[in-house]
Amino acid sequence: HVPDALFDDALGAITSCLRPGGLMAVGLWGGPDREWVNDEDHFDPPRFFSQRSHVRVQSMLASFGTIESFESWEAHTEWEYQFVVLRV
């Protein structure tokens, strides 16, 4: 639920807490590159979503370390689960 505009700040804060060479596991819901607020959400306020393609999320994460592994699997929707292990 992190907007693209805040992604570097969020990941920078997280990786700053890790030891150099440490591993970080990241799980995301990806898909077509888009950001939106789900106006039909049952939560109040409605949740913000940011989906990223496999290529784009890997590029964004690579700014913070080395991608050790990347896996994804379909959710039988336009969403795909992305699981990344990043060495910082």
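Residues numbered from 1 in each chain as written. Predicted model: local features only at pLDDT ≥ 70, side-chain atom pairs only at ≥ 80, totals over all residues. Heavy atoms only, no water.

Asker: Any chance you could explain the environment of Trp-73 here in plain terms?
Answerer: Topologically, Trp-73 is positioned in strand 4 (residues 66-74). Taking C-alpha positions, Trp-73 is 9.8 Å from Trp-29, a pair spaced 44 residues apart along the chain. Beyond its immediate sequence surroundings of up to four residues, Trp-73 is in contact with Glu-80, Tyr-81 and Phe-83. (Helix = DSSP H or I, 4+ residues; strand = E, 2+ residues; numbered from the N terminus. Contact = heavy atoms within 4.5 Å.)

Asker: What is the right way to look at the sheet that holds strand 4 in this model?
Answerer: Pairing between sheet strands relies on hydrogen bonds along the backbone, with the strands arranged either parallel or antiparallel. Read across the sheet, three strands follow the order 1-5-4 without closing on themselves; strand pairing throughout is antiparallel. Edge positions in the sheet fall to strand 1 (23-30) and strand 4, since each of these pairs with one other strand and no more. Adjacent strand axes in the sheet meet at a mean angle of 15°, parallel and antiparallel pairs treated alike. Sheet topology note: the strand 4/strand 5 (residues 80-87) ladder contains eight bridges and is antiparallel. Residue pairing in the sheet places Ser-69 in a bridge with Val-85 of strand 5. Those strands touched by helix 2 (residues 54-62) are strand 1, strand 4 and strand 5, and its axis lies near 155° from that of strand 4. (Pairing = 2+ DSSP bridges. Axes fitted to C-alpha atoms, helices over the stretch in contact; angles between N-to-C directions.)

Fair warning: the whole summary comes from geometry, so function is off the table for now.
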